Structure formats: structure tokens, C-alpha cells
Amino acid sequence: MSPTEAVVAGAGPTGLTLALELARRGVEVRILDKSPKPFAGSRGKGLTARSQEVMDDLGIVDEIVEAGLRHLPSRVAVRGQVVRDSDPHADLSPTPDRPYDSGLMIPQWRTEQILRERLSEFGIDVERGVEVVGFEQTTDKVTVRLAGGGTVMARYLVGCDGGRSAVRKALGVSFEGTGGIEAMLLGDVSVDGLVPDRWYQWTHPEQGFVALCPFRGINSWQFQGVPFADFDEEGNLPEPSLEYFQRVLDDIACGPGVRLSEPTWLSTWHVNVRMVDRFRDGRVFLAGDAAHVHPPAGGLGMNTGIQDAYNLGWKLALVLAGSADPSLLDTYQEERLPLARWTLGVSSAGLQKVAANLGREDSEGFAGAVTEDGQQLGLGYPWSSLSRDGDATANGLRAGDRAPDAPCLSPDGTPLRLFDVFRGTHFTVLGFGGGSRHILQTLAEDAPDDVKYVVVGDSRGPGVDVVDDRGLARSAYGAHGGTLVVVRPDGYVALTAAATAADDVIDYLGRLVGRSS
């Protein structure tokens, strides 16, 4: 029996995103999860603006936005007295180049549900109760070992199986970092006595910290609690229960008359800050929490995993199709490892900042965890071997930067955004100026097949695909004169070049993904 093309171990947000990226490119993929049923908790409850752009490309952003809360204000009370009402994202609003202005509060179980539903449209469902316990690999395949003695043959294996990853342990890579005594009570409960219009946070200098965050359309709130006096010498908290959560809330919030009920998920979460020293070994990859675990401050952990998958998916699909040299897969670690290291740093700093002010009379609550690029829109790959700067853009846009959006028009006058042009599995070559049509036609004769060639003009006319009627696309890309921009399938600028350097574009795409048949 021939091996399946790819096996994804773990059906959390990272594994589901990867399986979906592969499935929509026609890859034969199996996604296995040891749990007999989907995760029921809200744990990773925030999607950054960049992750929303990923969901846009995957065709599910409308469902995601409909299920989420944006610009949720915070209310902070100290010793039971309200000291602060604020929206840390109040000054953010959509701009032409970034349509999603802020993070979105949505429970993790709902994000996973939407991803599963989209994946099933490609005929792929999560295989439940199937636990990956190890593997052996050769130069051409991976034999994936399952609990109970079964095996699955695959060309590639990706471990998206969480912080206790069996794939990582079998791979033998180090998982260096720290696991402190810091811990938090975490769960989902129904709440009576509060209006679900803000994220309520109470701090008490002697007692600890507790918070209740609502979700849209359902009486389900995420409970977070840090009761100072309840830690034992090993840093452990008592077993979570509804009664215990209620007592912690009453003590720290000074009896606000809020009642908890109907728990659907109760847990104790311990802080870990760890990451691997490599993301790949042969035909086996690691992504998400299997490769890096982060403090919760800033809400970056799950989002970083989703973007791991988004980076790896198109590369793995091209290699499996025979369109790209297997060396393309080396760029997954090259690009994602530095960003995982950055995320560990900023989330650790955010946690320290939050912990330092929890006991203060002027506590900011979780607002203190907001990082400089908490929406991940400024992150990119300028150091990558896939990023090639040619013609300098007027506004400093570089190869490796996130490709900006811009509202434009289609040739018939209907609204059209650049994100609409990028959406899908292809590379995009933007040619600015109506005169670039001939250049793009020349490119199409020699460049790879899976590329969309798009002429961006300032007015309607022959050969113009996108009408930049307000000049917003030209401004976003700093295009001056005749400019060519190659955009990767994952929405990052791959190459900028002058229109006279079309051969650079042909060479770049030919080296990366092969030449047209």
C-alpha cells in the first residue's frame, strides 16, 4: 500500500489549519487526534488581526467574526471598587491596508468547530481516538506508530499534538525553557449577575486576581483566577470545581453578588516557557505548542501556532506535488523559529508586567499585557532566503513584509480588495500601471502555472484587472513608475522589482516552484 501524503497529529487550531491548507491544495492528508471528542474549552480565546487575515484566506472569516467580540471593554476593580473602565484597542479602526483592526474574542472550541466544518467540505474529518505514539522514518517515508499497535505510512508527518507532544518526544529534540510555579484557574461557566458587555477583572492585593470574560451569543464566560493564598509549597492549586471557583470569586471580588453555574470545562493551567531548537528533522515537522509554549499574556500562543501551519502548508503541498525542490521545506524553520523566539520573549515580558501590577491599587488588569505588535501585522520574514528585494519601494515596503490590503474596483466597477485577489493557493504577481500588461503576458509564458498575474491601473482600460481608483494600492505598495511585486500564497511579499527586471521575477519563481509545463 502506498503511503498517504501527509499525516497531521493533533486536531487543535494548528493541526486543523495545516490540514485545511493541505486539503485545499489537493493533498491527501489524514488528521489524527487521541481525544475521542473535540476540545470543549475556551482556552485560546483570542484571534489576532493577522490570524483573522489567515481565516479570510481560508474562506471562513465571516463565520469567525460572527462568533466573536471585537473591542470588548475591560472593567478593573480593586478591593471591590471599580478603578478603571477602558478599551485597550479603542484607538484602532480598520484602515485601507488592514481590514481587521483588532483582536477578536472567540472561544477556542468555536474556532476549532469552524475549521473542522471547512475541512469537511474537502471530504476530510478528524480521526478521533487515534493516538500517535511514535514513528520511524527513512529517506522516502515515515511509519507512524499508533497506540494499540497499528501503523500509518506517510510521506511526511507533522506533530501538532501540543505541549506534551509524542511526536516531539519521539523526535528527540530538546524542549528548553522554564516551568515556574505560576499557575491559574481556568474554566468556562455560566454567569448570573453581570451584563456580558465587558471583561470584568477584580484584583485584591492580599487575595489575588480573578476575571470573567463573556462570549458572544451564549451565556458562557471564561473564568481566570489566581488565588495567592491557595498555592502549596510545590506551587499547586486545589482541584478545580465550581464551588472552589465561586469561593475564589467571592473572596477576591469582595462578594459582588455574581453566581457561577453550569461549568463545561474546569482546569488548572501552569506557566511554561519552552521551545525546541529545531522545527524539522527529515520528514517530520513540529508546529504550534509541540514546538513552543508561551505564557498567556498578549494571547499570542495559539495565533503563533496557526501561523506556523499557514507557513508550512503551501510549502509542503508544493513539494508533495513535485513543483518545488524539497529544500523549500528548510525555509519553514528558517522563518518560523525566530518568530517563536520573539513570541516567547514578548509574552514572558507581558506576564511579568501583569503579575507585577495585579496587587497594585492602580492595577491595569490584563491591559498591561498588550504588546507593541500584539496583532502580529508587523511580523514578517525579511531575513528569509525566500525574500528578495529588487526595486526599492517608495514607502519602504520590503520583501518579507506582510502584503497590504487595499480597496479597489473590478473592471466593471464593483468593489474589489487586494485580499480578494490574493485569496486562494496561488502566487500573485502585481504589475502597477496599465503598461505592465505586456510584461505580465511575457511572464505568463515562462513562469510557473500556479501564478495569478494582475495589472493594477489607476483607471479602467484595456488589460487592467484591478482599478486603483483612489491610489490606495499604489500607496500601500509604494509603487512608483512600473513596479512588479510577487506575493506569496501566505500573503507576504516575496520579491519587488522594476518592470524592466521581469527576468528577475521569472528566475525567482522558476527557482522556487519550477517552470511552467
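Before going into details, it helps to say that this report is about the structure given with it. (Residues numbered from 1 in each chain as written. Predicted model: local features only at pLDDT ≥ 70, side-chain atom pairs only at ≥ 80, totals over all residues. Heavy atoms only, no water.)

### Observations regarding the side chain of aspartate 308
At step 1: By the secondary structure assignment, aspartate 308 is in helix α7 (residues 301-320).
At step 2: Since its relative accessible area comes to 0%, aspartate 308 is described here as buried.
At step 3: Not counting residues up to four positions away in its chain, the partners in contact with aspartate 308 are Phe279, Ala287, Gly288, His292, Tyr332 and Arg336. (Helix = DSSP H or I, 4+ residues; strand = E, 2+ residues; numbered from the N terminus. Buried < 20%, exposed > 50% of the residue type's maximum accessible area, 1.4 Å probe, protein only. Contact = heavy atoms within 4.5 Å.)

### So, the environment of tyrosine 381
At step 1: By secondary structure assignment, the location of tyrosine 381 is in the loop between α8 (330-357) and β22 (388-389).
At step 2: Taking the C-alpha atoms as reference, tyrosine 381 lies 9.4 Å from arginine 398; in sequence the two are 17 residues apart.
At step 3: The residues touching tyrosine 381, leaving out its near neighbours within four places in the chain, are Asn311, Glu335, Arg336, Leu339, Ser387, Ala399, Gly400, Arg488, Asp490 and Tyr492.
At step 4: Of note is the side chain of tyrosine 381, whose polar atom sits 3.3 Å from the side chain of asparagine 311. (Polar contact = N/O pair within 3.5 Å; in protein donor to acceptor, adjacent residues only side chain to side chain.)

### As for a negative patch on the surface
At step 1: Where like charges cluster on the molecular surface, the negative patch consists of Asp62, Glu63, Glu66 and Glu117.
At step 2: Per-element accounting of the negative patch gives the leading share, three residues, to helix α3 (residues 61-67).
At step 3: Within the fold, glutamate 66 resides in helix α3.
At step 4: With relative accessibility at 54%, the residue glutamate 66 sits in the exposed group. (Patch = residues over 30% accessible without salt bridge, like charges linked within 9 Å, V, L, I, M, F, W, Y side chains within 5 Å. Areas by Shrake-Rupley, 256 points an atom, 1.4 Å probe, with all protein chains shown as cover. Salt bridge = Lys/Arg side-chain N within 4 Å of Asp/Glu carboxyl O. Lys, Arg positive; Asp, Glu negative; His and termini not counted. Charge placed at Lys NZ, Arg CZ, Asp CG, Glu CD.)

### Focus: the packing of helix α1 (residues 13-23) against helix α4 (residues 108-120)
At step 1: In the contact formed by α1 and α4, the axes pass within 10 Å of each other and the chain directions differ by 20°. Taken together, α1 and α4 sit at an angle that is classed as roughly parallel. In this structure, α1 crosses over α4, and the sense of that crossing is left-handed. Of the residues in α4, those in contact with Pro13, Leu16, Thr17, Ala19, Leu20 and Ala23 of α1 are Gln108, Glu112, Leu115, Arg116, Arg118 and Leu119. (Axes fitted to C-alpha atoms, helices over the stretch in contact; angles between N-to-C directions. Parallel < 35°, antiparallel > 145°, perpendicular 65-115°, else oblique. Left-handed = near helix turned anticlockwise from the far one by under 90°.)

### With respect to the sheet that holds strand β14 (residues 199-204)
At step 1: The strand order across the open sheet built from seven strands is β6-β5-β14-β15-β16-β13-β17, with neighbouring strands paired in mixed fashion. Every other strand in the sheet has two partners, leaving β6 (81-86) and β17 (259-270) as the edge strands with one partner each. Averaged over all pairs of adjacent strands, the angle between their axes in this sheet comes to 20°, without regard to strand direction.
At step 2: Contacting β13 (183-192), β14, β15 (208-215), β16 (218-227) and β17, helix α6 (residues 242-252) runs over the sheet at an angle of about 90° to β17. (Pairing = 2+ DSSP bridges.)

### A word on empty space enclosed by the protein
At step 1: Tallied over the full model, the rule gives two cavities of 30 Å³ or more.
At step 2: Together, 15 residues line the largest cavity, and Asp57, Tyr310, Phe419, Phe422 and Gly491 are the ones closest to its centre.
At step 3: Elements supplying a minimum of two residues to the lining of the largest cavity: α2 (49-57) and α9 (418-422).
At step 4: By residue number, the principal contributor to the lining of the largest cavity is α2, which donates five residues.
At step 5: Residues of the lining of the largest cavity, tallied by class, amount to six nonpolar, one polar and eight charged.
At step 6: Looking at the second largest cavity, its volume works out to about 40 Å³.
At step 7: Forming the walls of the second largest cavity are Thr304, Gln307, Arg336, Leu339, Thr343, Gln376, Leu379 and Tyr492.
At step 8: Those elements that provide at least two residues to the lining of the second largest cavity are α7 and α8.
At step 9: The element contributing the most residues to the lining of the second largest cavity is α8, with three residues.
At step 10: A breakdown of the residues in the lining of the second largest cavity according to their chemical character gives three nonpolar, four polar and one charged. (1 Å grid on protein atoms, 1.4 Å probe; cavity = no way out; pocket = protein on both sides within 12 Å on 5 of 7 lines; lining within 4 Å. Points joined across faces, edges and corners; volume = space filled by probe spheres on them. Nonpolar A, V, L, I, M, F, W, Y, C, P; charged D, E, K, R; others polar.)

### Overview of unusual backbone geometry
At step 1: A positive phi angle is found at histidine 71, which is not glycine, with a value near 55°.
At step 2: Here histidine 71 shows up in the loop between β4 (69-70) and β5 (74-78).
At step 3: Backbone geometry at glutamate 262 places phi at a positive 45°, although glycine is not the residue there.
At step 4: For glutamate 262, the position within the fold is in strand β17.
At step 5: Glutamate 262 gets classed as exposed once you look at its relative accessible area, which sits at 58%.

### Brief notes about the nonpolar core
At step 1: The biggest cluster of nonpolar side chains holds 105 residues, and the ones touching the most others in it are Ile31, Leu157, Phe427, Val429, Leu443 and Val505.
At step 2: Broken down by element, the residue count for this core peaks at eleven residues, all from α7. (Core = buried A, V, L, I, M, F, W, Y, C linked by side-chain atoms within 4.5 Å.)

### Observations regarding α1
At step 1: Taking burial as the measure, the eleven residues of α1 include eleven buried ones, the bulk of the element.
At step 2: Three or more residues of α1 are buried, namely Pro13, Thr14, Gly15, Leu16, Thr17, Leu18, Ala19, Leu20, Glu21, Leu22 and Ala23.
At step 3: Among the structural elements, β1 (4-9), β2 (29-33), α4, β11 (151-159) and α7 are those in contact with the buried residues of α1.

### Examining the pattern of salt bridges
At step 1: What the rule picks out here adds up to 31 salt bridges.
At step 2: Between aspartate 230 and arginine 247 there is a salt bridge; the shortest N-O distance is 3.2 Å. Placement of the pair is aspartate 230 in the loop between β16 and α6 and arginine 247 in helix α6, with a sequence separation of 17 residues.
At step 3: Judged by its relative accessible area of 18%, aspartate 230 falls in the buried class.
At step 4: With a closest N to O distance of 3.3 Å, arginine 388 and aspartate 507 form a salt bridge. Of this pair, arginine 388 sits in strand β22 while aspartate 507 sits in helix α12 (residues 502-513), and the two are 119 residues apart along the sequence.
At step 5: Taking relative accessible area as the criterion, aspartate 507 reaches 25% and is therefore assigned partly exposed.
At step 6: Ionic contacts of the salt-bridge type, sharing partners, join the residues Glu21, Arg24, Arg25 and Asp57 into one network.

### Digging into the side chain of threonine 428
At step 1: Among the secondary structure elements, threonine 428 is positioned in strand β25 (residues 427-432).
At step 2: A polar contact is formed between the side chain of threonine 428 and the side chain of histidine 426, at a distance of 3.5 Å.
At step 3: Ignoring sequence-local partners within four residues, the contact set of threonine 428 consists of Val421, Phe422, Lys452, Val454, Val485, Val486 and Val487.

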